[in-house]
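Chain residues, written in single-letter form:
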Amino acid sequence: MRADRLLQIVQLLRRHGRMSAAELARRLEVTKRTVLRDMESLSGAGIPVYAERGRGGGFALLPGFEPDAEQLTAEEARALFVAGGRGTAEALGLGSSFCSALHKLSTALPDDQHRLVTHVQDRIVLDAGGWHREPAVLDALAAVQAAVLDDERIRIRYQSRQATAPGDRTVDPWGLLQVGTTWYLVAAHRGRPRSYRVSRISAVRRLGEPSRRPPDLDLRRVWRQMRDDFRGAPATEIVLRVPRPRLSLVLRSLAVTALGDPEPVAGEPDVYRLRVRSVEGAAAMLVGFGAEVDALAPAELRDRIIAIAEAAGAHHRTAAGQPNPAEVLDGRNPC
């Protein structure tokens, strides 16, 4: 742990220049006394760190200092080459550079590690797209990435899931996230952080103004908070009877509204509990499975499935010029 902390100190000083003992202690979550002891250890190890006293002082590295590259262990080398970063690099327009960098690193490895990396690459292929999933259209990713890196405000045209038509938003880009195979822009809109799926952004206009990005922003912490808030949103538990061969397809259909994984009901074959954000959304997905899925609870879910099915049937009968059974029974259509 201490060795990791010493490396963190060097990285922080390289990134931020001069830093006070109090600031280092806060970032490393240790005491100032621990930081002072770590500075003595770094100096004793030959790291050119020095202290400036007085107001505005702190610790810093000698200008131009660059630490030697660390020797990768066999496990570190294997993790790096199998991390699946090629798809990410290609999405960001860096596919060839990524491959070139890995090739240079591979040739610089010791013979035993080079053989290990080659052995792994010959036997493990990562493809997040799978057999059926088509890659999302990411025409806006390059423009969004440029604005994020340049800390520049942008105006985006965005199609939200709830809206019937895209709308324009002026946002302050904070960063990009890749969650699974999906890219998100994290940006502030009217001062509040939001996430925007990049595949739903159809236009990006740079405004030539600096982005209002908090100087101490921790994007990973923001993402964790947004994710926790999302998971903690109000939800409804539904109970379904689904034949096991159809379970995977049903769960994929419910992915937009489902929260977490289904739980089997003890003593009830093929019966599962699942939390969803929207009963209406779940009903809209389940109605397409017809008699293959039984909605056991709540009653609201069954009622919504019936209402959606009846409305769809009435609409398509009318479109085909067929009488509506309800109107025939009411005597409103004597034919």
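Residues numbered from 1 in each chain as written. Predicted model: local features only at pLDDT ≥ 70, side-chain atom pairs only at ≥ 80, totals over all residues. Heavy atoms only, no water.

Draft legend 1. Fine view of the nonpolar core. Membership of the largest hydrophobic core comes to 19 residues, with the highest contact counts inside it found for I238, L240, V250, L254, L286, V293 and L301. Looking at this core, the elements that each hand over two or more residues are β8 (236–241), α10 (244–253), β10 (271–276), α11 (279–286) and α12 (299–319). Here the element with the most residues in this core is α11; it accounts for four residues. Ignoring any residue separated from it by four or fewer positions in sequence, one finds I238 in contact with Y272, R273, L274, V276, A282, A297, P298 and L301. (Core = buried A, V, L, I, M, F, W, Y, C linked by side-chain atoms within 4.5 Å. Buried < 20%, exposed > 50% of the residue type's maximum accessible area, 1.4 Å probe, protein only. Helix = DSSP H or I, 4+ residues; strand = E, 2+ residues; numbered from the N terminus. Contact = heavy atoms within 4.5 Å.)

Draft legend 2. Broad picture of the pattern of salt bridges. The final tally for this structure, using the stated rule, is 14 salt bridges. Across the salt bridge formed by R221 and D218, the nearest N and O atoms sit 3.9 Å from each other. R221 gets classed as exposed once you look at its relative accessible area, which sits at 56%. Residue classification places D218 among the partly exposed residues on the basis of a relative accessible area of 29%. In this structure, R273 engages E237 in a salt bridge whose closest nitrogen and oxygen atoms are separated by 3.5 Å. Within this pair, whereas R273 is found in strand β10, its partner E237 is found in strand β8, the two being separated by 36 residues in sequence. What makes R273 partly exposed here is its relative accessible area of 34%. One salt-bridge network, held together by shared partners, links E23, R26 and R27. (Salt bridge = Lys/Arg side-chain N within 4 Å of Asp/Glu carboxyl O.)

Draft legend 3. Local environment of the sheet that holds strand β9 (residues 258–264). Spatially, β9-β10-β8-β11 is the arrangement adopted by the four strands of the open sheet, whose pairing is antiparallel. Strands with a single pairing partner mark the edges of an open sheet, and in this sheet they are β9 and β11 (294–297). When strand polarity is set aside, the average angle formed by the axes of neighbouring strands in this sheet is 30 degrees. α12 contacts β8 and β11 of the sheet and is inclined by roughly 145 degrees relative to β11. (Pairing = 2+ DSSP bridges. Axes fitted to C-alpha atoms, helices over the stretch in contact; angles between N-to-C directions.)

Draft legend 4. Looking closely at the sheet that holds strand β3 (residues 152–158). Within the open sheet, the five strands sit side by side as β6-β5-β4-β3-β7. Their pairing is antiparallel. Every interior strand has two partners, whereas the edge strands, β6 (192–197) and β7 (201–210), have only one. Strand-to-strand twist across the sheet, computed as the mean angle between neighbouring axes with direction ignored, equals 45 degrees. Looking at chain direction, β3 and β7 are connected through six bridges and run antiparallel. Looking across to β7, one finds that I154 is bridged to R206.

Draft legend 5. Structural view of helix α8 (residues 141–150). All buried positions along α8 are accounted for by L141, V144, Q145, A147 and V148. Summarising the axial view, the buried residues of α8 lie within an arc of 165 degrees, below the 170-degree limit, and thus occupy one face. Turned more than 90 degrees away from the buried face of α8, the exposed residues are A142 and L149. (Arc of directions from axis to C-beta.)

Draft legend 6. A look at the packing of α11 against α12. Following both chains from N to C, one finds α11 and α12 inclined at 50 degrees, their axes separated by 9 Å at the closest point. Classified by the angle their axes make, α11 and α12 are oblique. Once α11 is placed against α12, the crossing between them reads as right-handed. Across from V279, E280, A282, A283, A284 and L286 in α11, the residues of α12 making contact are E300, L301, R304, I305 and I308. Partitioning the contact of α11 with α12 into residue classes produces eight nonpolar, no polar and three charged. (Parallel < 35°, antiparallel > 145°, perpendicular 65-115°, else oblique. Left-handed = near helix turned anticlockwise from the far one by under 90°. Nonpolar A, V, L, I, M, F, W, Y, C, P; charged D, E, K, R; others polar.)

Just geometry here; none of it tells us what the structure is for.
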